[in-house]
Amino acid sequence: MAGDLMVLVSSSPLPVVAPLAARLGADEMLTCTRGHGKGYAARTLMREYGFHPADCSAYADEAADLALLTEVGNPVVVGDDPVLLRHARRGTWRVLSDD
């Protein structure tokens, strides 16, 4: 709603992701392998659009998304994954709890 580019990055197949992306109003959707694939996708997208990582956010709920969160300047941990929470405590990552 703020006019930001919204990209849904998922390791799920495109037919699974497309309806969710449409419902959320995502501008782009990327499907890739888990883990480092998401980090690579984020780097590639930022380079293509000319975005600086400090101006980008990512939201993730599982340790497999660690590479994605480390690529952006505003990582946000969603939920209570212990690996992501440990990284959040070390830095300035925001945490959205399930509460």
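Up top is the structure.
These lines cover the structure that appears in this document, whether it is placed above or below. Everything numeric here is computed off the predicted structure, so don't read it as measured data.

For the protein chain, the count of helices and strands is four helices and five strands. Listed by position from the N terminus, the elements making up the protein chain come as β-α-β-α-β-α-β-α-β. Against the 2.2 N^0.38 benchmark of 13 Å for 99 residues, the protein chain shows a C-alpha radius of gyration of 13 Å, consistent with a compact globule. Dimensions of the protein chain, computed from the C-alpha atoms along their principal axes, are close to 35 × 30 × 30 Å. For the protein chain, with 99 residues in total, the buried portion stands at 32%. In the protein chain, the share of contacts with a sequence separation of at least 24, taken over all contacts with a separation of at least 6, comes to 20%. Accessible surface for the protein chain amounts to roughly 6500 Å². Of this, 54% is attributable to carbon and sulfur atoms.

Once that is clear, we can look at the pairing of strand β4 (residues 74-78). For strand β3 (residues 57-60) and β4, the ladder comprises four bridges, and the chain directions are parallel. Of the residues in β4, the one forming a bridge with A60 is V77. Regarding the hand of the β-α-β motif, the stretch spanning β3, helix α3 (residues 66-71) and β4 is right-handed. The parallel pair β4 and strand β5 (residues 94-96), bridged by helix α4 (residues 82-90), forms a crossover whose chirality is right-handed.

Take the environment of A54 next. Along the chain, A54 falls in the loop between α2 (36-49) and β3. Setting aside chain neighbours within four positions, we find A54 in contact with G73 and N74.

Scanning the entire structure with this criterion turns up two salt bridges. With its nearest N and O atoms 2.6 Å apart, the salt bridge here joins D65 to K38. Of the two residues, D65 is situated in the loop between β3 and α3 and K38 in helix α2; the sequence distance between them amounts to 27 residues. Accessibility assignment for this pair places D65 and K38 in one class, buried.

On to the packing of aromatic side chains, then. A full pass over the atoms with the stated rule returns one aromatic pair. Seen in terms of ring centroids, Y49 and F51 are 5.3 Å apart; in terms of plane orientation they differ by 10°. Their pairing is stacked.

Residues A58, L69, V77, L84 and W93 are the most contacted members of the largest nonpolar core, which totals 13 residues. Contributions of two or more residues to this core are made by α2, β3, α3 and α4. It is α4 that contributes the most residues to this core, three residues altogether. Sequence-distant contacts of A58, that is, excluding residues within four places in its chain, are made with L68, L69, V72, N74, P75 and V76.

Thresholds applied
- Residues numbered from 1 in each chain as written.
- Predicted model: local features only at pLDDT ≥ 70, side-chain atom pairs only at ≥ 80, totals over all residues.
- Heavy atoms only, no water.
- Helix = DSSP H or I, 4+ residues; strand = E, 2+ residues; numbered from the N terminus.
- Rg over C-alpha atoms; globule rule 2.2 N^0.38 Å.
- Buried < 20%, exposed > 50% of the residue type's maximum accessible area, 1.4 Å probe, protein only.
- Contact = heavy atoms within 4.5 Å.
- Areas by Shrake-Rupley, 256 points an atom, 1.4 Å probe, with all protein chains shown as cover.
- Pairing = 2+ DSSP bridges.
- Right-handed = clockwise from strand over helix to strand, strands pointing away.
- Salt bridge = Lys/Arg side-chain N within 4 Å of Asp/Glu carboxyl O.
- Phe/Tyr/Trp six-rings, centres within 6.5 Å; stacked < 30°, edge-to-face > 60°.
- Core = buried A, V, L, I, M, F, W, Y, C linked by side-chain atoms within 4.5 Å.

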